[in-house]
Amino acid sequence: SKAAIYTYQSGDYENALKYAILAKQLGNTSVDVDSVMTESGMKAGGFDGIRSNLSAVRSAGVLPGENFYLLAARYAQEEDNPGELAYWGRELATVYPTPKNWRIALAGYRDWREPSPEEALDLFRLWRLTGAMDNERDYVDYFDSSALNGNPLYPTELLAVLGEGVAAGHVD
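No experiment lies behind these values; they were computed from the predicted model shown. (Residues numbered from 1 in each chain as written. Predicted model: local features only at pLDDT ≥ 70, side-chain atom pairs only at ≥ 80, totals over all residues. Heavy atoms only, no water.)

### Section: helix α6 (residues 99-112)
Filter applied, for reference: For helices the rule is a DSSP run of H or I covering at least 4 residues; for strands it is a run of E covering at least 2, with both sets numbered from the N terminus onward. The length a helix should cover is 1.5 Å for every residue beyond the first. Accessible area is worked out with a 1.4 Å probe on protein chains only. A residue is then buried under 20% of its type maximum, exposed over 50%, and partly exposed in between. Contact definition: two residues touch when any of their heavy atoms are within 4.5 Å.
Here α6 contains 14 residues, and its C-alpha end-to-end distance of 20 Å stays within 8% of the 20 Å for a straight helix at 1.5 Å per residue. Within the sequence span of α6, burial applies to N101, A105, L106, A107 and G108. Along its buried surface, α6 packs onto α4 (66-78), α5 (82-95) and α7 (117-129).

Shown next, in the form of structure tokens:
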């Protein structure tokens with residue numbers, strides 16, 4: 001891992017990736033190694049560079065850590081690039097399907113393209129099914145996407161969502 005970091009710091013991004021892959025193959029789970037894999041790609045070629053590094057890592061039989069994807073998503077957000085945010089969020093949620101990661105992925109998708117009323121409601125349903133709803137605003141937006149767009153929730157769905165929001169302490 002130190003070899004990957006030092007090589008990255010010297011600007012030798014190609015060899016930094018090789019050392020990071022080797023560190024992963026040897027069982028290193030440090031977020032620093034994942035950061036080197038993401039950042040060396042970004043420095044060498046932007047998002048295409050990160051995708052290229054991901055291909056090289058996967059070809060070597062290595063699974064990048066969650067930080068690899070989170071860092072790529074953060075770069076996309078910092079650069080106000082919703083298409084890349086949607087891409088890296090999807091990759092993140094595919095490999096590490098936690099509620100937090102689904103939230104990142106679905107928010108990226110929502111920001112990437114303005115969903116139709118039907119798509120918005122389906123998006124909130126997916127948000128709910130993946131456990132990604134974590135504040136009052138999510139529940140309000142869920143209801144609004146339904147009621148304001150002419151796509152009424154089924155009564156049982158409305159009661160279930162409301163009950164989940166109350167139980168989670170997000171809705172009074």
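### Comments concerning the pattern of salt bridges
Note the threshold: Salt-bridge detection follows one rule: a side-chain nitrogen of Lys or Arg within 4 Å of a carboxyl oxygen of Asp or Glu.
Summed over all chains, the structure comprises 13 salt bridges. Among the ionic pairs, K100 bridges to E66, the shortest N-O distance being 3.9 Å. In this pair, K100 is assigned in helix α6 and E66 in helix α4, connecting sequence segments 34 residues apart. Since its relative accessible area comes to 26%, E66 is described here as partly exposed. Salt-bridge contacts for E157 lead to R125; the nearest nitrogen and oxygen are separated by 2.8 Å. Here the residue E157 occupies a position in helix α9 (residues 155-167), and R125 occupies one in helix α7, the gap between them amounting to 32 residues. What makes E157 buried here is its relative accessible area of 10%. The class of R125 is partly exposed, set by a relative accessible area of 23%. Among the charged side chains, a salt-bridge network with shared partners connects D48, R51 and E84.

### Structural notes on the side chain of D138
By secondary structure assignment, the location of D138 is in helix α8 (residues 136-147). Overall, D138 belongs to the buried group, its relative accessible area being 5%. Setting aside anything within four residues of it in sequence, one finds D138 in contact with R103, F124, A132 and M133.

### Examining the packing of helix α3 (residues 31-59) against α5
Put simply, the rule reads: Here an angle of 0 to 180 degrees is reported between the N-to-C directions of two axes, which are lines fitted to C-alpha atoms, with helices fitted over the stretch in contact. When describing relative orientation, an angle under 35 degrees is termed roughly parallel and one over 145 degrees roughly antiparallel, while 65 to 115 degrees is termed roughly perpendicular and anything else oblique. Crossings are assigned a handedness: left-handed for a near helix turned anticlockwise from the far helix by less than a right angle, right-handed for a clockwise turn. Each residue gets one label: Ala, Val, Leu, Ile, Met, Phe, Trp, Tyr, Cys and Pro are nonpolar, Asp, Glu, Lys and Arg are charged, and the others, such as Gly, are polar.
The contact between α3 and α5 brings their axes to 12 Å, and the two run at 20°. As far as their axial angle goes, α5 and α3 are roughly parallel. In this structure, α3 crosses over α5, and the sense of that crossing is left-handed. For the pair α3 and α5, the contacting residues are F47, I50, R51, L54 and R58 in the first and E84, Y87, W88, E91 and V95 in the second. Taken together, the residues of the contact of α3 with α5 break down into 6 nonpolar, no polar and 4 charged.

### Re the nonpolar core
Stated precisely, the cut-off is as follows: Only buried residues count toward a nonpolar core, which is a set of Ala, Val, Leu, Ile, Met, Phe, Trp, Tyr and Cys residues joined through side-chain atoms within 4.5 Å.
Membership of the largest hydrophobic core comes to 26 residues, with the highest contact counts inside it found for F47, I50, F68 and W88. Top element by residues in this core is α3. It accounts for 8 residues. Setting aside chain neighbours within four positions, we find W88 in contact with F47, I50, R51, L54, F68, Y69, A72 and A73. Listed in part, the 13 residues of the second largest apolar core include A132, M133, Y139 and L153.

### Some thoughts on the environment of A86
Of note, A86 is situated in helix α5. Among the residues examined, A86 registers a relative accessible area of 10% and is labelled buried. Spatially, the C-alpha atom of A86 lies 18 Å from that of N53, the residues being 33 residues apart in sequence. Filtering out sequence-adjacent residues up to four positions away, A86 remains in contact with G108, Y109 and W112.

### Description of the packing of aromatic side chains
Under the convention used in this document: Here a pair means two rings of Phe, Tyr or Trp (six-membered ring of Trp) with centres within 6.5 Å. Their orientation is stacked below 30 degrees between planes, edge-to-face above 60, and tilted elsewhere. In this scheme, the term charge over a ring applies when either NZ of a lysine or CZ of an arginine sits within 6 Å of the ring centre and within 35 degrees of the ring normal.
The full count for this structure, using the stated rule, is 8 aromatic pairs. Three or more aromatic residues joined by ring pairs make a cluster, and in this case those are F68, Y69, Y87, W88 and Y96. In this arrangement the basic side chain of R51 is found over the ring face of Y87, its NZ or CZ atom lying 4.8 Å from the centre. A cation over an aromatic ring shows up here: R74 above the ring of Y75, its NZ or CZ 5.8 Å from the ring centre.

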